[in-house]
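Here's the letter readout for the chains.
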Amino acid sequence: MKPTRCTAVLLLALASVLPLAAQARQLTAADYARAAKFLGRSTDPLVGHNYDPRVYHEVKRVHWLDATHFWYRDHDATGDHFFTMDAATGAAGPAFDQTKLGAALGKVGGKAIDAQSWPHDFDFHPQPDGKLVVRLGAKQYTCDLSTAGACTARKKTATPVKGTPGFQALSPNGKLLAFIKDNNLWLRDTATGKATPLTTDGSKDDGYGSPDSGPMPLVRWAPDSKRLVAFRQDSRGVENEYTLETRIGHPTLHTQQYALPGDKHVPLALPVIIDVATHTATPLKMAEEQQLGPWMDIQWAPDSKTFALVSTSRDRRHEWFRIANAATGDVRTAFEYTAKDFYQGWYAANGSEFARPDWAYLAKAGQAIWPTEQNNWMNLYLYDLATGKQLHPITTGPGDVIQVLHRDRQTRTLWYIGVGRTAGVNPYYQQLFKVNLDTGNTTLLTPEDANHDITMSKDGKYFVDAYSTPTQPPVTVLRAASDGRVIATVAKTDISPLVADGWVPPVPFTVKARDGKTDLYGLLYKPSNFDPHSHYPVIDFIYPGPQIGSILTFGFRSERGASQALAELGFIVVTVDGMGTPYRSASFQREWYGDMGDDTLPDQIATLKQLAARRPWMDLGRVGIWGHSGGGNATVSAMLHYPDFFKVGWAESGNYDNRDYSYAWGEKWEGLLVKGKDGKTNYDNQASELLAGKLKGHLMLVHGAIDDNVPPANTYLMVNALMNANKDFDLIMVPDEHHHFGTHTPYVTRRMFDYFVTHLAGNTPPHEFAGMPKTLTQ
C-alpha cells in the first residue's frame, strides 16, 4: 500500500517518541576512549583503588615510622610529594630529597625515575644510621642521601626491616632470622651471616615450608627470642590440579596440590616449638589438623612461657581455644565454642578477606577476648581461662566489630573498627570506637557521617583518619586516640581536575531485599552525558560473597573497576550488596547458607525492579550481568536460573561448581559434601552445569589458562555441559594467565565492551579499538 501524507506524519510522530537507545548506532573510537578514561588498573571493582593523577591531595593511608612519626604520599599538579608528620605537633615536612633519591635509584636500577612521578609500589624505611631501605616492587635497596646520593641493591639474604617481607621471621632481639631451606627451618645470625639448620626431618610434602610462603617461614617468635613456633605442614596424599603453559614446542605442565570438597586428604599442620639454643623441636601434644584459620593464629604470653592458639573443625562449626606450654608442648583446651552453621571469627576489614583474627590472649589476667555472633552480631566477649566460662560481653548491641586495631594492657582498653553501630548512618560506613574491657563503656572517636579509613600509631596514642563517602572525597586528619579530637589536617582531597575531565559520582541508593523488609545499599552509575528522556539498558555488576560483597567500600573512589566506563558507553550500571554478604548481621550473611546457587540473585532482581519503578529511563527489557571469580559464577547462575530476566552475561574465572574449587571454600559456605545413594549431593543446588539447558541469552565465558586459584576445569566443565545441551555461547581462554589476565586485560576489557554494546545495547562497536590503558592489568 502506498503511504499517504497522514501515514508519513504518523511515522514521524512515532519516531519522535521512540526511546533513543532503541535506535542502533555506530560507536566510535572516541566513544571508547572517553569510556576508557574511567578505568582504573582493573575492571574488577574488588581489586582495589589505585592512584588517579586527576585527584589531588588524596591521602587515604599513611605509614607509621614510630610512635609519633609517619610518612605519606601527596599528589598535585606538579607531581608526587613525600612528607613526614610529627604527631605530637602536627608539623609536616619533606620526607627526603626526591631529586637525589630518584637519581640514585635510577642509576642502580638502570631505569630512570621521574622524581615527581614515583612508581606506586615505592616504599621506604628510615634506618637509625640515617640511610633509607627502599622497596620498588620485589627489589630492595639501601640508599645514602647524606652526600651526592647513592643506592646499592640489598642481597636476598639481607636482614629484613620493619614493613618488609619476612620481617616476622626476625627474632624480637634482631639477632636471628629464620628461613626455609630444603623443607627445613634454618637460622641465620644477622651479625655474622652464619646459617645453621634448626630441623633436619622435613621433606617435600611433610616439612616446615609452604608453597605460598617461599623461603620465608611461617613462624611466631617468643618475646624473649629463645623459642619460636613453626608449622610442620603435611600435605601427603593431597591430590593435584594441573594446567598447561603454552609455548613453541612442548608446553610446560604446572602442578599444585589442591584439595576439593569431600577429599579424604587435605593439608594438615602441627605447631612445633623449637628451642633456639638446643635446636630441640617439640611438637605440640595434639593431633595434626586442618589449618583453616590464619597461619599466624598464635599469640605468645609476655613472659614467653605459654602461648594460645585456636583450632577449627573441618566443617567450620566448632572452635577450641587452647593454651600450650612452651617448655613441654602440653596443650589444654581452655574453652570451646560451637556455631550453628559456621563460626565467623573475623571480618574482611578494609576489603581484605585475610584480615587477622580478633581474639586475644590476656595471659597475665588469665582471660581471653573472644569474638562471636551469639546475639546475631559480631561482638567481643571476655572469657575466664581457668574456668572456661564467659564473664561478660565487652561490646553489645547491633552492628559488627570487624577489626581490633589496638589494645592497651594497662588501661584494659581496646580500639576497634565497627559498622552499623551508629543509628542513622550507612551500616557499611566504618567507624572507630574505643571500649573498656571491664565496664563496656564505649566512645565513638570518628563521628562524621562517612566511611573512615584508619591507620593507628604503633603505641595506640594517635590515628590518622581519612573520611569520605561515595560522592565526597577524603578529608584526612590526625586525631588523638583518647578522645578523637583533631590534632592536625593532613590533606583535603581536590577532585576538580577529575570533574573537569567529565567524571560524575555514582548515586547511592537504598532498596528493600527479597523479604520486602531488609534494607539493601548500593551504587548506581549513569553516563556523564545522561539524558533522562532516553531508555538505557542495564548492567548488573555482581560479586555474591559470601566473604565480601559487590561494593568493596562505601568510601570515595575515583574509579570502581569498569562501572563508570561501561556507563559511558550508554548503560546504567548497578552494584548492590545482597543478602548473604557480610557486615550486617549473622542472619543476613547466612540467608542462603548451604545453597550457594542463590548467589544473591533474588536481591539483585528485586533491586533492579525497585530502581526501575522510580526511574523510567532504566530499560529492564535489556538487562546484562557480569562478574569475576565468584561474580563469574553468579553471572552464569543468573543466566541459567533467570534466563528471561538476564539477557547477556560476561563471566570471568568462575567457580561454576564448588565441588571443583577449594575444599576450604565450599565446606565453609555449602557444608561438608554429602552424597546420597541415588548419586545426588547437597552441592547439586549450586552446580551450574546441571542447568545448562536453560540458557537463552548471550553468554561469554573467560578464564586464564593457568589459573591456580579457580582451576580452568571449572570453565571446561561448563563448556562441556553447554555443548551437550546444544547451546550457543562464547569462550575466551587467556593463554598463560592466572586468575586475573595480566597483560591481556586490555584485550579482555575491549571484548567485554564490545559484547555488551553489541548484544545488550544493539549497537556496533568500533573495530578492534586499540586505546585501552596499558596500565590496565587487573
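What this report covers is the structure whose coordinates are included nearby. (Residues numbered from 1 in each chain as written. Predicted model: local features only at pLDDT ≥ 70, side-chain atom pairs only at ≥ 80, totals over all residues. Heavy atoms only, no water.)

Points about the overall build of the protein chain
As a reminder, the rule being used: Elements are defined by DSSP. Helices are runs of H or I of four residues or more, strands are runs of E of two residues or more, and each kind is numbered from the N terminus. Each residue is assigned to one of three classes by its accessible area relative to the maximum for its type, calculated with a 1.4 Å probe on protein chains only: buried under 20%, partly exposed between the two thresholds, exposed over 50%. Positive charges are assigned to Lys and Arg, negative charges to Asp and Glu, while His and the chain termini are left out of the count. Charge positions are represented by NZ for Lys, CZ for Arg, CG for Asp and CD for Glu.
For the protein chain, the count of helices and strands is 11 helices and 43 strands. Taking the principal axes of the C-alpha coordinates as reference, the protein chain spans close to 105 × 75 × 65 Å. Put simply, the protein chain has 778 residues, and 55% of those count as buried. Positive and negative charge centroids in the protein chain, built from 77 and 82 side chains respectively, lie 2 Å apart.

Observations regarding the sheet that holds strand E31 (residues 442–444)
Spelled out, the test is: By the convention used here, strands pair only if DSSP detects at least 2 bridges between them. Helix axes use the C-alpha atoms of the stretch in contact, all axes being lines fitted to C-alpha atoms, and the angles between their N-to-C directions lie in the range 0 to 180 degrees.
The strand order across the open sheet formed by four strands is E28-E29-E30-E31, and the pairing between neighbours is antiparallel. The sheet terminates laterally at strand E28 (400–408) and E31, the two strands that pair on one side only. Adjacent strand axes in the sheet meet at a mean angle of 25°, parallel and antiparallel pairs treated alike. Relative to strand E29 (residues 413–419), E28 is paired through seven bridges, and the arrangement is antiparallel. Looking at E29, one finds that Arg407 is bridged to Leu414.

What about unusual backbone geometry?
Of note, the bond from Gly545 into Pro546 is cis; its omega dihedral lies within 30 degrees of zero at 10°. On the secondary structure map, Pro546 appears in the loop between strand E38 (536–541) and helix H5 (563–568). With a phi angle near 70°, Arg316 is a residue other than glycine that sits in the positive phi range. Within the fold, Arg316 resides in the loop between strand E21 (306–312) and strand E22 (318–325).

As for the packing of aromatic side chains
Centre-to-centre distance and the angle between the planes together describe a pair of aromatic rings. Stated formally: Pairing of aromatic rings covers Phe, Tyr and Trp, the last through its six-membered ring, and needs centres within 6.5 Å; plane angles under 30 degrees mean stacked, over 60 mean edge-to-face, and all others mean tilted. To sit over a ring, a charge needs its Lys NZ or Arg CZ within 6 Å of the ring centre and within 35 degrees of the ring normal.
In this structure the tally under the stated criterion is 39 aromatic pairs. Aromatic side chains Tyr32 and Phe753 sit 5.6 Å apart centroid to centroid with 80° between the ring planes, which places their arrangement in the edge-to-face category. Of this pair, Tyr32 sits in helix H2 (residues 29–36) while Phe753 sits in helix H11 (residues 745–759), and the two are 721 residues apart along the sequence. By relative accessible area, Tyr32 is classed as buried at 0%. Three or more aromatic residues joined by ring pairs form one cluster here, namely Phe321, Phe335, Tyr337, Tyr343, Trp359, Trp370 and Tyr383. The aromatic ring of Phe179 is capped on one face by Arg188, whose charged end is 4.3 Å from the ring centroid. Sitting over the face of the ring of Phe530, Lys526 holds its NZ or CZ atom 4.4 Å from the ring centroid.

Comments concerning the nonpolar core
One broad trend across soluble globular proteins is that nonpolar side chains are buried collectively. Formally: Side-chain atoms within 4.5 Å are what join buried Ala, Val, Leu, Ile, Met, Phe, Trp, Tyr and Cys residues into a set we call a nonpolar core. Throughout, a contact is declared for two residues whenever any of their heavy atoms are within 4.5 Å.
By size, the foremost hydrophobic cluster in this structure holds 99 residues, and its most contacted members are Met618, Trp650, Phe753 and Phe756. Not counting the four nearest positions on each side in its chain, Phe756 is found in contact with Ile539, Leu566, Phe571, Gly624, Ile625, Trp626, Val648, Trp650 and Ala761.

Considering the pattern of salt bridges
Where we set the bar: For this analysis, a salt bridge means a side-chain nitrogen from Lys or Arg found within 4 Å of a carboxyl oxygen belonging to Asp or Glu.
Inspection of every chain in the model, using the stated rule, returns 31 salt bridges. Salt-bridge contacts for Asp80 lead to Arg73; the nearest nitrogen and oxygen are separated by 3.3 Å. Across the pair, exposure class does not vary: Asp80 and Arg73 are buried alike. Between Glu289 and Arg322 there is a salt bridge; the shortest N-O distance is 3.5 Å. Of this pair, Glu289 sits in strand E19 (residues 289–290) while Arg322 sits in strand E22, and the two are 33 residues apart along the sequence. This pair shows no difference in class: Glu289 is buried, exactly as Arg322 is. When salt bridges that share partners are traced, they join Asp201, Asp206, Arg232, Asp234 and Arg236 into one network.

Quick notes on the state of the cysteines
Formally: For this text, the term disulfide refers to a pair of cysteine sulfurs within 2.5 Å.
As enumerated under the stated definition, the model contains one disulfide in all. Here Cys143 engages in a disulfide with Cys151; their sulfurs sit 2.2 Å apart. Judged by the sign of its S-S torsion, about 115°, the cystine formed by Cys143 and Cys151 is right-handed. Across this residue pair, the class does not change: Cys143 and Cys151 are buried.

Some words on the sheet that holds strand E42 (residues 698–704)
Taken together, the eight strands give an open sheet; going across it, the order is E36-E37-E39-E38-E40-E41-E42-E43, and neighbouring strands pair in mixed fashion. In the strand order of this sheet, the two ends are held by strand E36 (507–512) and strand E43 (730–734), each with one partner. Strand-to-strand twist of the sheet, defined as the mean angle between neighbouring strand axes without regard to direction, takes the value 20°. Summarising the sheet, E42 and E43 pair through five bridges and their orientation is parallel. Across the sheet, the residue bridging to Gly704 is Val734, located in E43. In the packing of helix H8 (residues 630–641) onto the sheet, the strands contacted are strand E40 (618–628), strand E41 (648–652) and E42, and the crossing angle to E40 comes to about 140°. Sitting on the sheet, helix H10 (residues 713–724) touches E42 and E43, and the angle it makes with E42 is about 150°.

So, the pairing of strand E10 (residues 184–189)
Judged by how many residues are buried, E10 sits mostly within the fold: five of six residues are covered. Two strands pair when backbone bridges link them, and strand E9 (residues 176–181) and E10 are joined in this way by six bridges, in the antiparallel orientation. For Phe179, the partnering residue across the bridge sits in E10 and is Trp186. Adjacent in sequence and paired antiparallel, E9 and E10 are bridged by two residues, among which Asp182 carries a positive phi angle near 55°. Bridging between E10 and strand E11 (residues 195–197) involves three bridges; their strand directions are antiparallel. Directly across from Leu187, in E11, lies its bridge partner Thr196. Between E10 and E11, which follow one another and run antiparallel, lie five residues, and Gly193 among them has a positive phi close to 80°.

Quick notes on the environment of Val272
Within the secondary structure layout, Val272 lies in strand E17 (residues 268–275). Note: C-alpha distance between Val272 and Val229 (43 residues apart in sequence) is 5.5 Å. When sequence neighbours within four positions are dropped, the list of residues in contact with Val272 reads Tyr208, Leu228, Val229, Ala230, Arg232, Ala281, Thr282 and Pro283.

A closer look at the pairing of strand E32 (residues 451–456)
Burial analysis of E32 places six of its six residues in the buried class, the great majority of the element. Here E32 folds back onto strand E33 (residues 462–468), and the loop between the two strands holds five residues, one of which, Gly460, carries a positive phi near 80°.

Examining the side chain of Thr715
Structurally, Thr715 is set in helix H10. Once residues within four sequence positions are removed from consideration, Thr715 is found in contact with Tyr656, Leu701, His703, Leu731 and Met733.

A word on H10
Heads up, the rule is: Take the residue count of a helix, subtract one, and multiply by 1.5 Å to get its expected span. To be clear, the arc concerns the directions from the helix axis to the C-beta atoms.
Between its terminal C-alpha atoms H10 stretches 16 Å, which fits the 16 Å expected from 12 residues at 1.5 Å a residue. The complete set of buried residues in H10 reads Asn714, Thr715, Met718, Val719, Ala721 and Leu722. The buried residues of H10 all sit within an arc of 165° when viewed along its axis, so they share a single face. Turned more than 90 degrees off the buried face of H10, the exposed positions are Met723 and Asn724. As for H10, its buried residues are in contact with H8, E42 and E43. Positive phi appears at Asn726, one or two residues downstream of H10, with a value of about 60°.

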